[in-house]
Amino acid sequence: MSSNKRRKVDAPDTPQSAVSAIAARRRLRGTTPSSGESSAVEDSTPKVGNAFSVLQALKGANSSIKREQAPETPSKAKRISNEKPRSEHPSGSSTPNRVANYTSFRLNKQNSRSKGDGTLELRIGEGERCVIQGTYGLKIISGTVTVAGATLSSGETIYSIHAPACHGVPVIRTLERCQLQIIPEKLTSSIQSLARLSPLYRGIWNDSEGKEENETSKKQSFQLVFTPDDALSKSSIQELSSPAEWNKKLGSLVETTRQAERGNDAILVCGPKGAGKSTFSKLLTNRLLTCHSSGVPNTNGRQISGIAVLDLDPGQPEYTPAGTLSLVHVTKPNFGAPFSHTSLNDTSYKVVRCHALASPSPAFSPDLFLDCANDLYDTYKRTLRNCPLIINTPGWILGTGLDLLSEAISRFAPAQVIYMSHDGPAETVEILEAATRRSFSTLPSQPVDVSIRTAAHLRAMQAMSYFHLSKSKAGIADLGLSWHARPLTSLRPWQIRYDGGEAAGVNGILSYDYQARPDLIADAINGMVLAVVVIEDELALDKIRCANKGDEETQSSGVDASYMSYSREGLPTFLNARDGVLDPRYSRTIGLVLIRGIDTASKMLQVITPIPMADIEAARGQGHRIILVHGKFDTPTWAYMEDVYERSNPLATALPDDDEVTSGEEDVQVDDMDAEANADGMPWVEVLRGNQKRPVGSSAWRVRRDLGRSTGD
């Protein structure tokens, strides 16, 4: 029985060799189906849903259960093995027709021309499709194309596209005869350069490992994919596709939004993990942006300038680092993976307001999650009311997670609630539909292929991308972001004074969830990621004051030193034994910092951060205090190993073990003496040689607790 993570195809009568899942997938895709089998593939290929499809199947008839458990026949296995990528509808969707190639044409002298700087010019006819992997800029000289739900016409705009193999690769499809320019990105400032520092970024781009290089390939940051053999040796291409039901719903939502009154067209997308919530939200955002910018007036005369995105998924946010919730004003289509746009302020979007949960899950503080969501929604009503609103939610749809979704739907009263699964659970769908005041609908989950990166890997890549952002704009045509490929240990850190009262750069350190003793706070935060929070009003600290005093009705607006403590290093910490949190109505997050070291002699924190100095000065200029919030952000093990990966074995491709990474120390299996020498003595790094394993009990201990929310009984 298949799941949403992996699929296995068994042919009972044929012996199979031991190959990886990805290699098997590529082998299956490389077989060309006969003309008489295409219809059989569509009818008999099982749909890949989410994990709850199993629960729903158990509630069906006995015959249905038997069909699920029956082994595949050889003929059925053959039909599945001949499955090919789906061709796209002109709107960027998939259709039942199968194609043997990803790119529908071959390059020749008549339809392509390469320039000296690596730019590729294409002249292609109507109805062609083009799959390009890597990072590049797309300029449309003439004609109209669709990409990831967006309809793009000729002009001077250069669209920056990031297409790694670990996400769905956008497909360029022509609606008429077109002339295009594919512009390479500077590899020295590209996100691809991070592959020097981490194996997480290797094997997903236009890599040349194991292939002969020529002068042209060295200059190009992209690769046209024609057949499965053109895909990278360690990954398979997954096209960014949209099922037919998605397309129908997308068209309906665009028309509904065009007719809606101001502030009355919020769309909330929810569903289980891996169902395609983020993908659907991205396609909808791109379609709304290009539709409303096409010059077609709305029926109510409303002028729309951009799309508002309320991102309530702290585990996989689209525009901010993991562990945060945000309200984002998007003005240009999004053609990249989340780790390709981690800046809080870019030319294509702006983070209007952001709050830190300090955790990739809302489970540790459901009340804080709701308070942050309510404040972001209120901010939308005040500042972006004229823009359509898309609300993306986490994939926690059971227990407390279901309660959070129900309360959010009741509070926001969206015009449309879309549940991204036909497989339930039935109880969840019933509760969410009951909470919806207006329109509720369900859509099929996104077809899931074998993923080459786990959720933990993607969060690490997003954090690494954030901290390696370059201050200079050196992207494609100065439109995109740029990155530096230097280990963080080689950067000169900011030095922030933490001693000096109100004149200090940091006015306190607040811990969410686990509260370390004051004598251990320096060890707890050293080498960790913390959120930088601006206190806009002292009322933001009331919940912490009240928790310390044990009086919920106590209100104080003055600075009270009774809730502050100082470690032996002099670090000012908030006493927070009852796990109080900041009030998001009077505070906001402006970014993250990585504590590189603590200089106890000069009372300085050494931090690495991409936060612009102008943002810090603006907050201080308004008289606001700045504090650091420490919580359950993922341990930045990727930062501890950058020097090792760069110096010892730049071509290493072994990915870190998720189970070991969560322990807070990076376990490194090294087989070469240089790597051992480089890793020995590095802080927070433990070197394991040969078959050596960590001793029993060395992993992080996790406390089990009741996540149910108080009902007031």
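Remember, predicted model here, so these are calculated numbers, not experimental data. (Residues numbered from 1 in each chain as written. Predicted model: local features only at pLDDT ≥ 70, side-chain atom pairs only at ≥ 80, totals over all residues. Heavy atoms only, no water.)

A word on the overall build of the protein
Helix and strand content of the protein: 19 helices and 28 strands. Classification of the 713 residues of the protein by burial places 55% in the buried group. Restricting to contacts in the protein with at least 6 residues of sequence separation, those with at least 24 account for 75%. Of the accessible surface of the protein, which amounts to about 31600 Å², a share of 49% is contributed by carbon and sulfur atoms. (Helix = DSSP H or I, 4+ residues; strand = E, 2+ residues; numbered from the N terminus. Buried < 20%, exposed > 50% of the residue type's maximum accessible area, 1.4 Å probe, protein only. Contact = heavy atoms within 4.5 Å. Areas by Shrake-Rupley, 256 points an atom, 1.4 Å probe, with all protein chains shown as cover.)

Structural notes on unusual backbone geometry
Put simply, Gly424 and Pro425 share a cis peptide bond, and its omega is 5°. Within the element layout of this structure, Pro425 appears in the loop between strand S17 (416-419) and helix H11 (426-435). At Ala148, a residue that is not glycine, the phi angle is positive and equals roughly 50°. Position of Ala148 among the secondary structure elements: in the loop between strand S6 (144-147) and strand S7 (150-153). One non-glycine residue with positive phi stands out, namely Ala358, at about 60°. Topologically, Ala358 is positioned in the loop between strand S15 (349-356) and helix H9 (366-383). You can call Ala358 buried: its relative accessible area is 1%.

Describing the packing of helix H10 (residues 400-412) against H11
Two numbers describe a pair of packed helices, the interaxial angle and the distance between the axes. Relative orientation of the contacting elements H10 and H11 amounts to 20°, with a least axis distance of 9 Å. By the angle between their axes, H10 is roughly parallel relative to H11. You can see that H10 and H11 cross each other, and the crossing is right-handed. Only Thr428, Ile431, Leu432 and Ala435 of H11 make contact with H10, whose side of the interface consists of Leu402, Leu405, Ser406, Ile409 and Ser410. Split into classes, the residues belonging to the contact of H10 with H11 amount to 6 nonpolar, 3 polar and no charged. (Axes fitted to C-alpha atoms, helices over the stretch in contact; angles between N-to-C directions. Parallel < 35°, antiparallel > 145°, perpendicular 65-115°, else oblique. Left-handed = near helix turned anticlockwise from the far one by under 90°. Nonpolar A, V, L, I, M, F, W, Y, C, P; charged D, E, K, R; others polar.)

Considering the nonpolar core
Residues Leu138, Tyr201, Phe280, Phe339 and Leu582 are the most contacted members of the largest nonpolar core, which totals 163 residues. Residues Val131, Ala163, Val169 and Ile237 belong to the second largest nonpolar core, which totals 7 residues. (Core = buried A, V, L, I, M, F, W, Y, C linked by side-chain atoms within 4.5 Å.)

Things to note about the packing of aromatic side chains
Inspection of every chain in the model, using the stated rule, returns 11 aromatic pairs. Plain terms: the ring middles of Tyr136 and Phe222 are 6.1 Å apart, the flat faces sit at 65° to each other, and that makes the pair edge-to-face. Note that Tyr136 is positioned in strand S5 (residues 129-142) and Phe222 in strand S11 (residues 222-224), a separation of 86 residues in sequence. Across the pair, Phe222 and Tyr136 agree in class, each one buried. Ring geometry for Trp246 and Phe280: centres 5.5 Å apart, planes at 90°, overall edge-to-face. Of this pair, Trp246 sits in helix H7 (residues 244-259) while Phe280 sits in helix H8 (residues 277-292); the two residues are 34 residues apart in sequence, bridging distant segments of the chain. What makes Phe280 buried here is its relative accessible area of 0%. What links up through ring pairs into an aromatic cluster is the set Tyr201, Trp205 and Phe339. (Phe/Tyr/Trp six-rings, centres within 6.5 Å; stacked < 30°, edge-to-face > 60°.)

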